[in-house]
Amino acid sequence: MSKVRIGLEIHCQLTQLKSKLFCSCIANYRNRDPNTNICPVCYGLPGSLPVLNKKAIEYACMIAIALGCDMPKNLTFARKNYFYPDLPKNFQITQYDSPGSDNNTCIGKSGKLEYISDKTVRIKRIQLEEDPGRLVHEIPASQSGGNSLAYTLIDYNRAGVALVEIVTEPDFNDPKEVRLFLNKITSILEYLNVCNTNLEGSVRCDANVSIGAGKKVEIKNVGSFKDVEKALSYEITRQKTMGLHEIEVKGETRHWDDKRKITKQSRSKEEEEDYRYFPEPDIPIIKIENEFILNLSSKMPELPDQRRKRFIENYQLSEHVSEVLINHKEIADLFEKAVKIYQSPKSISNWIVSDLMGFIDYESLEGKPLNEIIKIDEKHIAELARLVDENKINRTVAKKILTQIVNSGEMPTRIIDRSELTKIGDSKTILEFIEQVFMSEKNAINDANKNPNVANFLLGKVMQKTKGNIDPKKALEIIKKKLEEHK
Amino acid sequence: MISQEDLHHISKLSKIHLSEKEFEIYSMQIEKIIEYLDKLDEINLNESNDYKISITKNICELRNDVHVPFTGNFKRMRKNDDEGFVKGPKMT
Amino acid sequence: MTNRFQNYSIRQIHNGIKNEEFTSEEYVSYIIDRIEKKDEKINAFITVDKEKALENAKNIDKKIRDKEKIGILAGVVMGIKDNISTIDLKTTCASLMLSDYYPPYDATVVKRLKENGVIIIGKLNMDEFGMGSTTEYSIIGPTKNPWNLDYVAGGSSGGSAASVASGECTASLGSDTGGSVRCPASFCSVVGLKPTYGLVSRYGLVSYANSLEQIGPVGRSVSDVSTLLKIISGYDEKDNTTISSDYTEYDDLDLKETDQIISDLNKNKPFKIGLLQDLTNKADKEVSQYVYRSIDLLKENHLECDETDINSTEYALPSYYTIASAEASSNLARYDNIRYGFELNPEGYEWNSYYSDSRSRFGSEVKRRIFVGTYVLSSGYYGKYYMKAQKAKSMIKHELKTLFQEYDILVLPTVPILPFKIGEKIDDPLKMYLTDIYTVIANLAGIPAISLPVGFSGGLPVGIQLMADEFKEKNLLAVSTILERMVNIKKYADVF
Ligand SMILES: [Zn+2]
């Protein structure tokens, strides 16, 4: 069977910036009235000039460092010329090294990333560019009432937002590898705190696929990472089928049809291939000095791989648990903060990995921080873990409490104090349960004089019988009193 | 030499439509201009008799990442407004 | 009929208003009257903003009465080339594409002028988007030469030069991409300066060829031009290509004695002037004789002069037109009429046809340059044209840098020919391009250059061009001041 080769182009917005790439409009263009986050520069007014954002270069360089890229000595920008209504200037300011030139003037070149053990992908190029505006929707002729009326609504709030493009070599052989890689990239971006990957449209991906000696097909317009795998599988099947029927695969660009879940041929336009790149005359050459890179490297936040290693070594966690924890930075942060409060990494990680994670749907986060979706923080987790470890409550009750915390944000002890769960009646009902246990555990009671642990043993039995639904403190008191009476 | 195809291509690329008559005039004029520019062909790109011509800046000279709202008024210049959206031609 | 205001310099106006010899309103009224009488013939203005100008003048007068501080240019009345953005004042670039465009912001230079009290009287005619050498390619028709209405005013800042020469404003701003300030200054017998690339902010200047152009002042004296340069120059955070620099001494040159200026120039080492002999000799005799006479005058003033040449100039014009057209083709892509422009409802249009429908309304010269620029950048030709043009540019800069190690100033004609008749070259683009052959050198090298009026030939003005090394505007203006005093030429056209 011929080898499948997949390469990716990932676009990620530097959402953590305050301003756009070339002007001082707000980088966070979301949830605003149309065309209210614009200025002469990003709206492409005559006479406006791009003014480069220093922080954008820093962030982009951090990505390049994290992906092991060679850094340029001189950074330059270029114009990519093509007409499209979402492009205010009808060219995009991006970066470009003319083919054949071994001069690196992009943010990064020739990097690599081990995305799971023993699987490495080569990073071809990392570049910094501006995002276009958005074509919101088309008003079809039928809706507008007229015979020929039809138009598009355009919102330029997004135009000019800083975008980092990561281009890989065609080193993937399988769509599953692609998904794992994308997870890894997402996690790295989160750790670098340059991109909130949960925001809709903050990370986009184009792919190219070829089989054997066949031509390369580009797939664009894939809305979400989830669909990348689907689009690739569809495209591979399509190309393989063509191969079986001895039909030649054309080198072309195809669009992912989100509704029908297929790739469709784009109308090929000759203009698309002739972008007439040339150096952007309004932006000077930016000197990247060694000192800048060294300084940036020394200030780099811990990356997922480093953190996983540290978790295994410092907390004696398993490879698997560490992996799950570090995958999302917020989760790993929650774990470490909880461990500071209650020094039991094992039980805390256990609570997070096997219980808490079940409450988080990353698809529906939509960029909001975790604590807005679930009202839980390190204090809750630490206390819950301790209560269970100290046998104050059993796991079943704790799980119920967890559900409540997620919704209300109340502390576990408060829930216990207030809750019906622990208030199986008054002392009288508790006494009834305890008496039942005393009846069946006579041997233990006789040992009580010699063995001080019997009280706790009996409490365990009572808790078992009541499925944990009583106040253990109160029960223990009664048990101790009753044992005294027995003497 | 600039061929008919070349001119069709650049007219398409630059999104400027040419009538048949214009096409004739422009192809003649542009042909002459390009011929004049061909003088550049004599230049040897490998000779090192040149001088740095671009402005160079350090990162520290660039703009700080702060939001400054634009206070001017776009209303007077805006065309094709549709409740805040810009109305553009249909794309399909 | 003469008016006491007619040849007033910036200093005279400022002092006169400050010392309450006359009011700002009186001066503005005189200018408005002058425009109303003259501009029908000259056609220097695209837009005149009388009301605002009068309002501003009254404000200045009130400040004087109230003994408040006024700007150092208060009361000076200026016209601005119509490709420099002025807030809420129509900025058309003499193009149909922007015929209804009101910028929501001021260009940095305009902002600085206003802050110093300048009154902006209106927007000046030009070749569409700055593409031309005669100001014939304009939606409002050509600007006429104030010295002979049958002749072109030069371009593309024809309105900037003609308005100053005919007394329709005190001074003006133009823009110079390949000679667009110097050529009309030469044709209209006024002073026009193209500053060092990066000295003056381009923010608000509608781009034609970004890597070559600078905004430059036009005035009736070297002193006026240097005063304006001081105000408009300097670092601007809105233009990443501006350079922080401090050149503040030149504005007082006109107060110094000639001998003092010369001895200042010779202070550190003998000051040396080089005549670009080959280029001068290739110019028309009417022009070259004035260049030689100017050199003689400088020699009389004990400035060392000898002859030299530049070899790489044969590539200058093709290099210029390649780079300028390439950049223009990209800069002018934004005019698709969707975000701003003229009335053309996109409803029902397929996007490609909407684009080509709107964009077909560019004028013929603009279309030519867009086509040439698109061609030289398109795949397969980039290395043949654009890269070689850049190489030529750097070769020229290299050669000039070497020359400036020996010479402080280089002298050559501004334009190798006299002003010509309107319509004479309009059908032959290449012939038109040759008008720029001596001016593009300074744009390619990024160095400052000035055009000074030095004489008349058959009633038509002749200009001389001086060039200096990067950021040596001070030397350029010093020598210009000396020459200006020696030739003492008329800069105020009151022929019609
Ligand atoms: Zn903006």
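Residues numbered from 1 in each chain as written. Chains lettered and ligands numbered in written order. Predicted model: local features only at pLDDT ≥ 70, side-chain atom pairs only at ≥ 80, totals over all residues. Heavy atoms only, no water.

A. Fine view of unusual backbone geometry. Residue and element names in this part refer to chain C. For the bond from Gly155 to Ser156, the omega torsion is 10°, close enough to zero to count as cis. Looking at the secondary structure, you find Ser156 in the loop between β5 (148-152) and α5 (158-165). Phi is positive for Glu20, which is not a glycine, with a value near 60°. Relative to the helices and strands, Glu20 is located in the loop between α1 (10-18) and α2 (24-42). (Helix = DSSP H or I, 4+ residues; strand = E, 2+ residues; numbered from the N terminus.)

B. How the structure looks around the interface of chain B and chain A. The interface of chain B with chain A comprises 34 residues on the first partner and 49 residues on the second. Run the count over chain B and chain A and you get 0 salt bridges. Residues of the side of chain B that touches chain A, tallied by class, amount to 14 nonpolar, 10 polar and 10 charged. Direction of pairing for strand β8 (residues 151-155) of chain A relative to strand β3 (residues 85-89) of chain B: antiparallel, over a ladder of 4 bridges. Bridge pairing links Ile154 of chain A to Val86 of chain B in β3 of chain B. (Contact = heavy atoms within 4.5 Å. Salt bridge = Lys/Arg side-chain N within 4 Å of Asp/Glu carboxyl O. Nonpolar A, V, L, I, M, F, W, Y, C, P; charged D, E, K, R; others polar. Pairing = 2+ DSSP bridges.)

C. Summary view of the coordination of the zinc ion. Residue and element names in this part refer to chain A. Here the zinc ion is held by Cys23 (SG), Cys25 (SG), Cys39 (SG) and Cys42 (SG), and the distances to it run 2.3 to 2.4 Å. For the zinc ion, the 4 donor atoms in the first shell make angles of 102 to 116° at the metal, a pattern classed as tetrahedral. Going along the chain, you hit the donors of the zinc ion in the pattern C-x1-C-x13-C-x2-C. (Donors = N, O, S within 2.8 Å, 3.2 Å for Na, K, Ca; no water. Tetrahedral: all angles 85-135°; square planar, octahedral: opposite > 155°, others 65-115°.)

D. Geometry of the sheet that holds strand β2 (residues 74-75) of chain A. Taken together, the 3 strands give an open sheet; going across it, the order is β2(A)-β15(A)-β1(B), and neighbouring strands pair in mixed fashion. Looking along the sheet, the strands with just one partner apiece sit at the ends: β2 of chain A together with β1 (56-58) of chain B. Taken together, the 2 bridges between β2 of chain A and strand β15 (residues 285-287) of chain A define a ladder with antiparallel strand orientation. When the bridges of β15 of chain A are listed, Leu75 of chain A appears paired with Ile286 of chain A.

E. Region of interest: the domain arrangement of chain A. Domain assignment breaks chain A into domain 1 (4-296), domain 2 (302-419) and domain 3 (427-486). Measuring from the centre of the C-alpha atoms in domain 1 of chain A to the corresponding centre in domain 3 of chain A gives 66 Å. (Domains from an automatic or database assignment.)

F. Highlighting the pattern of salt bridges. Residue and element names in this part refer to chain A. Summed over the entire model, instances satisfying the criterion amount to 64 salt bridges over all chains. Here Lys89 ties to Glu130 by a salt bridge, and the two come within 2.9 Å at their closest N and O atoms. Of this pair, Lys89 sits in the loop between β3 (78-81) and β4 (91-94) while Glu130 sits in strand β6 (residues 119-130), and the two are 41 residues apart along the sequence. Residue Glu130 is classed as buried on the basis of its relative accessible area of 6%. One salt bridge in this structure joins Arg414 and Glu410, with 3.7 Å as the shortest N-O distance. (Buried < 20%, exposed > 50% of the residue type's maximum accessible area, 1.4 Å probe, protein only.)

G. Main features of the sheet that holds strand β8 (residues 214-219) of chain C. Residues and elements named next belong to chain C. The strand order across the open sheet formed by 11 strands is β1-β3-β2-β6-β8-β7-β12-β13-β11-β9-β10, and the pairing between neighbours is mixed. Either end of the sheet is taken by a strand with one partner, and the two such strands are β1 (45-48) and β10 (304-308). Taking the axes of each pair of neighbouring strands and ignoring which way they run, one obtains an average angle of 30° across the sheet. Across the sheet, helix α7 (residues 222-232) lies against β2 (77-81), β6 (171-176), β7 (191-194), β8 and β12 (449-457), angled at about 145° from β8, the strand it touches most. This element, helix α17 (residues 473-487), spans β7, β9 (272-276), β11 (409-413), β12 and β13 (460-468) of the sheet and lies at about 15° to β12. (Axes fitted to C-alpha atoms, helices over the stretch in contact; angles between N-to-C directions.)

H. Up close: the packing of aromatic side chains. Scanning the entire structure with this criterion turns up 39 aromatic pairs over all chains. A centroid spacing of 5.1 Å and a plane angle of 90° characterise the contact between Tyr315 of chain A and Phe335 of chain A, whose relative ring orientation is edge-to-face. Taken together, the residues span a long stretch of sequence, with Tyr315 of chain A in helix α7 (residues 304-315) and Phe335 of chain A in helix α9 (residues 329-341) at a distance of 20 residues. Residue classification places Phe335 of chain A among the buried residues on the basis of a relative accessible area of 0%. Measuring from ring centre to ring centre gives 5.0 Å for Tyr105 of chain C and Tyr203 of chain C, while their planes differ by 45°; the resulting arrangement is tilted. Residue Tyr105 of chain C is found in the loop between β2 and α4 (108-115), and its partner Tyr203 of chain C is found in the loop between β7 and β8; the two are separated by 98 residues along the sequence. Tyr203 of chain C matches Tyr105 of chain C in its accessibility class, with the two residues each being buried. Each member of the aromatic cluster is reached from another via a ring pair, and the members are Phe5, Tyr8, Phe22, Tyr27 and Tyr30 of chain C. (Phe/Tyr/Trp six-rings, centres within 6.5 Å; stacked < 30°, edge-to-face > 60°.)

I. Structural detail: the interface of chain B and chain C. Tallying the contact residues gives 55 residues for chain B and 73 residues for chain C. Both faces combined, the contact of chain B with chain C buries some 5,800 Å², and carbon together with sulfur accounts for 65% of it. The interface formed by chain B and chain C contains 7 salt bridges. With a shortest N-O distance of 3.4 Å, Lys367 of chain C and Glu22 of chain B are connected by a salt bridge. Here chain B is connected to chain C by 19 residue pairs in polar contact (both at pLDDT 80 or more). Of all elements in the fold, only α1 (4-13), α2 (20-37) and β3 of chain B reach the threshold of two or more residues within the side of chain B that touches chain C. The element best represented in the side of chain B that touches chain C is α2 of chain B, accounting for 9 residues. Among the residues forming the side of chain B that touches chain C, the class breakdown is 24 nonpolar, 13 polar and 18 charged. (Buried area = accessible area lost by both parts, 1.4 Å probe. Polar contact = N/O pair within 3.5 Å; in protein donor to acceptor, adjacent residues only side chain to side chain.)

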